[in-house]
Amino acid sequence: MAPRVKQVAAADPAVDDFTHEATMKRLRDQVPENTDFTAPRKEKLFSMPSFLASAIKPMICDDRDWLCVETLFNVLLCLVVPQIGVWFAGMYLPAEKIWMLNIFAPTFLVFNILMWYGRYILMLHYTSHRRLFKNTWINNMNEIVISPFIGIPSGAYFLHHVVMHHIENNIFPFDVSSTMEYQRDNFFHLLQYIARYWTHAFVYLPYYAIKKKRYNLAVYYFVTIGSYFAVISYLYSINPVGTTWTFIVPAVVCSILLMSGNFSQHMFLHPEIGDDSWGNSYNLICTEANQLCFNDGYHIVHHVASRLHWRDMPKYFEDNVEKCAQNDSLVFKGPGLDNLIMLVLVMTGNYKKLYESWVQLHPQKRSFDDFKEMCKERLKPFKPKPKAN
């Protein structure tokens with residue numbers, strides 16, 4: 001396959017330089033070993049008791065996802081149960097002692113953000129693409145009942161992410177979470193993007209489902225999101241402090257994290273193929289974040305093959321590495337990188353660190369100045385090609 005784009009003012013590389021073998025050699029020259037194949041998984045902190053495991057294992061669809069079940073078990077015990085305790089503390093603590101809750105609750109929230117939010121959100125993410133439990137009702141309990149404790153409104157994630165975002169593939173205006181219209185190294189544009197989560201998403205999502213004739217999904221959304229706001233409103237009326245710390249503040253914080261993460265994953269848009277899965281994101285390899293969050297760094301891979309199992313992503317990347325070269329896709333290597341750190345590096349203009357982490361798979365070598373210019377070009381607002389009728 002010939003190179004798809006030309007980004008540098010130099011003689012075109014030979015077609016042979018874009019073969020799988022030639023690209024793998026360039027990868028191995030820069031990354032002798034992809035540690036994502038061998039590094040121990042870190043999503044769970046402790047295992048489920050054997051008596052529970054033996055009862056639950058027959059209920060899951062894919063044995064490879066047992067780690068997701070144990071991560072969910074960790075979150076239930078370490079986050080959800082204490083959050084319920086926070087709510088009851090707000091209900092029954094004497095007024096003169098409520099200050100104790102106002103110190104403990106935000107401290108506990110920060111701990112949860114650092115310890116559990118990434119693990120849980122990416123577990124929810126991949127089990128939304130590939131169902132975890134065979135029983136539909138049990139499977140949906142994660143999105144309906146558990147996710148509000150992390151700050152994700154009931155019934156919204158699957159429609160927003162799996163149906164809208166992946167089908168429309170970050171293309172504006174069909175994907176309400178599209179990054180295309182923003183200057184993506186501009187902090188104020190990031191703030192506008194985060195605000196859209198609350199001002200656009202909840203209205204647009206049911207409209208999108210109806211427009212696409214996903215009527216069952218639209219009804220599911222109306223019922224679950226309506227119930228969510230009704231329950232939160234009732235809980236707030238009887239326990240404002242406990243409800244604020246248990247559900248409302250996490251919802252605000254989680255919206256910032258979710259939208260910042262997606263903004264980061266889709267901030268580098270290739271000027272010619274930014275509406276294509278090979279040109280609208282980047283891969284992070286050999287980084288600890290992949291062991292904490294189900295190989296979330298392989299975001300190009302995920303958009304190219306959204307139902308690919310998360311354990312197979314490093315292999316898919318290497319099996320198809322020549323396509324990254326042919327499409328001039330961006331790949332960065334760790335250690336110490338994740339999507340939010342990538343966003344910080346861009347927002348602070350730290351192109352030196354980005355360049356040091358960049359894996360040059362395209363055969364045409366770029367200098368630091370070439371790389372910086374390329375990044376700046378990919379951070380500009382992007383106008384997608386019109387959709388075919």
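Further up the page is the structure itself.
Cut-offs and rules
Residues numbered from 1 in each chain as written. Predicted model: local features only at pLDDT ≥ 70, side-chain atom pairs only at ≥ 80, totals over all residues. Heavy atoms only, no water. Phe/Tyr/Trp six-rings, centres within 6.5 Å; stacked < 30°, edge-to-face > 60°. Buried < 20%, exposed > 50% of the residue type's maximum accessible area, 1.4 Å probe, protein only. Lys NZ or Arg CZ within 6 Å of the ring centre and 35° of its normal. Salt bridge = Lys/Arg side-chain N within 4 Å of Asp/Glu carboxyl O. Helix = DSSP H or I, 4+ residues; strand = E, 2+ residues; numbered from the N terminus. Axes fitted to C-alpha atoms, helices over the stretch in contact; angles between N-to-C directions. Parallel < 35°, antiparallel > 145°, perpendicular 65-115°, else oblique. Contact = heavy atoms within 4.5 Å. Nonpolar A, V, L, I, M, F, W, Y, C, P; charged D, E, K, R; others polar. Arc of directions from axis to C-beta. Polar contact = N/O pair within 3.5 Å; in protein donor to acceptor, adjacent residues only side chain to side chain. Pairing = 2+ DSSP bridges. Core = buried A, V, L, I, M, F, W, Y, C linked by side-chain atoms within 4.5 Å. Patch = residues over 30% accessible without salt bridge, like charges linked within 9 Å, V, L, I, M, F, W, Y side chains within 5 Å. Areas by Shrake-Rupley, 256 points an atom, 1.4 Å probe, with all protein chains shown as cover.

A. Geometry of the packing of aromatic side chains. Counted under the stated rule, the structure contains 28 aromatic pairs. Ring geometry for Phe-187 and Phe-188: centres 6.2 Å apart, planes at 70 degrees, overall edge-to-face. For Phe-188, a relative accessible area of 59% puts it in the exposed group. An aromatic cluster of three or more residues is present, and its members are Phe-268, Tyr-282, Phe-332, Tyr-355, Trp-358, Phe-368 and Phe-371. Sitting over the face of the ring of Trp-66, Lys-57 holds its NZ or CZ atom 5.2 Å from the ring centroid. We note Arg-119 situated over the ring of Trp-116; from NZ or CZ to the ring centre the distance is 5.6 Å.

B. Broad picture of the pattern of salt bridges. Evaluated as defined, the whole model comprises 13 salt bridges. Arg-130 serves as the salt-bridge partner of Asp-62, at 3.2 Å between the closest nitrogen and oxygen. With a gap of 68 residues between them, Asp-62 in the loop between α2 (50–56) and α3 (66–92) and Arg-130 in the loop between α4 (98–129) and α5 (136–150) connect regions that are remote in the sequence. The class for Arg-130 is partly exposed, based on a relative accessible area of 23%.

C. Seen up close, the packing of α3 against helix α9 (residues 240–265). Where α3 contacts α9, the two axes come as close as 5 Å, and the packing angle between them is 140 degrees. Classified by the interaxial angle, the pair formed by α3 and α9 is oblique. The segment α3 lies against α9, with Gln-83, Val-86, Trp-87 and Gly-90 engaging Gly-242, Thr-243, Trp-245, Thr-246, Phe-247 and Pro-250. Of the residues assigned to the contact of α3 with α9, the class counts are five nonpolar, five polar and no charged.

D. Examining the environment of Phe-263 more closely. If you trace the backbone, Phe-263 turns up in helix α9. According to the relative accessible area criterion, Phe-263 is buried, its value standing at 0%.

E. Just helix α14 (residues 339–347), in detail. Among the residues making up α14, those that are buried are Asn-339, Met-342, Leu-343, Leu-345 and Val-346. Around the axis of α14, the buried residues are gathered within 160 degrees of arc, so they sit on the same side. The inward-facing, buried residues of α14 contact α7 (187–211), α9, β1 (282–285), β2 (330–333) and α15 (351–357). Measuring from the backbone nitrogen of Leu-340 back to the side-chain oxygen at the start of α14 gives 3.1 Å, which picks out Asp-338 as the cap.

F. Representation of the pairing of β2 in the model. By the alternation rule, side chains of β2 split into Leu-330 and Phe-332 and Val-331 and Lys-333, which are all buried. Note that β1 and β2 share four bridges and pair parallel. Its bridge partner lying in β2, Asn-283 is registered against Val-331.

G. Region of the structure containing the nonpolar core. One finds Phe-268, Phe-317 and Phe-332 to be the most contacted residues of the largest nonpolar core, which totals 99 residues. By residue number, the principal contributor to this core is α3, which donates ten residues. The next biggest cluster of nonpolar side chains, apart from the first, holds five residues, and it includes Ile-98, Leu-101, Ala-105 and Trp-245.

H. Quick peek at a nonpolar patch on the surface. On the surface, a nonpolar cluster with roughly 610 Å² of combined accessible area is contributed by Ile-84, Phe-88, Met-91, Tyr-92, Tyr-234 and Ile-238. At the level of elements, α3 and α8 (215–238) are the ones that each hand at least two residues to the nonpolar patch. Top contributing element to the nonpolar patch by residue count: α3, with four residues. Topologically, Met-91 is positioned in helix α3.

In short, geometric facts, not functional conclusions.
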